[in-house]
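Read off the chains here:
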Amino acid sequence: QVQLVESGGGSVQAGGSLRLSCAASGSFFSLYAMTWYRQAPGKQRELVAGISSDGTTNYADSVKGRFTISRENAQRTVYLQMNSLKPEDTAVYYCGARPIPSGSRLPPTYWGQGTQVTVSS
C-alpha cells in the first residue's frame, strides 16, 4: 500500500504561481509512474501531468508551457510547479501513483486526498 499526501494548494490571483508537492510512502517510489490530476466542480477528473520513472513527462494541452512536473526520488516526492495560473485552473488537485515505470498516462492505482487550488481573476 502506498500513501500519498499532497500539500501546497491555496488561493492566488490570476498570473500567479503555486508549487504542489506530493510525498509518498513505500520503498519503490523510483519505479512508480506519478501523475497529477484535477477535478473542478461539476467536471470529470482530468489528467494534468505525468512523469515516468525515467523522467519522461506528459502534459494536458491546457497546461503545456505553464506547468512543470518533476520528481525527487531520494525524497519520494513529486512536484507540480504551476505558473501563469488562470481562473480555469481552479480545482482540487490529486496526486496519483501507479507501480508501472512507464505508466504516466494510465489511471493511478493509488490516490492522495487532494489539495484545493483557487485562482481568482
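Refer to the structure printed above.
Calculation rules
- Residues numbered from 1 in each chain as written.
- Predicted model: local features only at pLDDT ≥ 70, side-chain atom pairs only at ≥ 80, totals over all residues.
- Heavy atoms only, no water.
- Helix = DSSP H or I, 4+ residues; strand = E, 2+ residues; numbered from the N terminus.
- Polar contact = N/O pair within 3.5 Å; in protein donor to acceptor, adjacent residues only side chain to side chain.
- Contact = heavy atoms within 4.5 Å.
- Disulfide = S-S within 2.5 Å.
- Pairing = 2+ DSSP bridges.
- Axes fitted to C-alpha atoms, helices over the stretch in contact; angles between N-to-C directions.
- Salt bridge = Lys/Arg side-chain N within 4 Å of Asp/Glu carboxyl O.
- Buried < 20%, exposed > 50% of the residue type's maximum accessible area, 1.4 Å probe, protein only.
- Core = buried A, V, L, I, M, F, W, Y, C linked by side-chain atoms within 4.5 Å.

Draft legend 1. Structural detail: the side chain of Thr-77. With respect to the element layout, Thr-77 can be found in strand β8 (residues 77-82). At a separation of 2.9 Å, a polar atom in the side chain of Thr-77 contacts the main-chain carbonyl oxygen of Gln-75. Excluding anything up to four places from it in sequence, Thr-77 contacts Ser-21, Cys-22, Ala-23, Phe-29, Ser-70, Arg-71 and Glu-72.

Draft legend 2. Main features of the state of the cysteines. Inspection of the entire model under this criterion finds one disulfide. Disulfide pairing places Cys-22 opposite Cys-95 at an S-S distance of 2.1 Å. Its S-S torsion of approximately -80 degrees makes the covalent link between Cys-22 and Cys-95 left-handed. With Cys-22 in strand β3 (residues 18-24) and Cys-95 in strand β9 (residues 91-98), this pair connects stretches of sequence that are 73 residues apart.

Draft legend 3. The arrangement of the sheet that holds strand β1 (residues 4-7) in detail. Overall, antiparallel pairing links the four strands, which are arranged β1-β3-β8-β7 in an open sheet. At either end of the open sheet lies a strand with only one pairing partner, and these are β1 and β7 (67-72). Within the sheet, the average angular offset between the axes of one strand and its neighbour, ignoring direction, is 15 degrees. Where β7 meets β8, six bridges bridge the pair, whose relative direction is antiparallel. Looking across to β8, one finds that Ser-70 is bridged to Tyr-79.

Draft legend 4. Highlighting the pattern of salt bridges. Summed over the entire model, instances satisfying the criterion amount to four salt bridges. Between Glu-46 and Arg-38 there is a salt bridge; the shortest N-O distance is 2.7 Å. Classification of Arg-38 by relative accessible area gives buried; the value is 6%. Connected through shared salt-bridge partners, Arg-38, Glu-46, Arg-66 and Asp-89 make up one network.

Draft legend 5. Molecular detail of the pairing of β7. The side-chain alternation of β7 yields one buried face, formed by Phe-67, Ile-69 and Arg-71, and one unburied face, formed by Thr-68, Ser-70 and Glu-72. Hairpin connection of β7 to β8: four residues between the antiparallel strands, including Arg-76 at a positive phi of 50 degrees.

Draft legend 6. Spatial organisation of the pairing of β9. In terms of burial, β9 is largely enclosed, as six of its eight residues are buried. The pairing of β9 with strand β11 (residues 115-120) spans three bridges and is classified as antiparallel. What sits directly across from Ala-91, in β11, is Val-117.

Draft legend 7. A look at the nonpolar core. Counting 30 residues, the largest nonpolar core has Leu-4, Met-34, Trp-36, Leu-80, Met-82 and Tyr-93 as its most contacted members. When residues of this core are traced back to their parent elements, those giving at least two are β3, β4 (33-39), β5 (46-51), β7, β8, β9 and β11. The residues touching Tyr-93, leaving out its near neighbours within four places in the chain, are Glu-6, Leu-20, Trp-36, Tyr-37, Arg-38, Val-48, Phe-67, Leu-80, Met-82, Gly-114, Thr-115 and Val-117.

Draft legend 8. Representation of the environment of Lys-64. With respect to the helices and strands, Lys-64 occurs in the loop between β6 (57-59) and β7. Note: C-alpha distance between Lys-64 and Val-48 (16 residues apart in sequence) is 9.2 Å. A distance of 3.2 Å separates the side chain of Lys-64 from the side chain of Asp-61, its partner in a polar contact.

Honestly, it's all geometry; don't read function into it.
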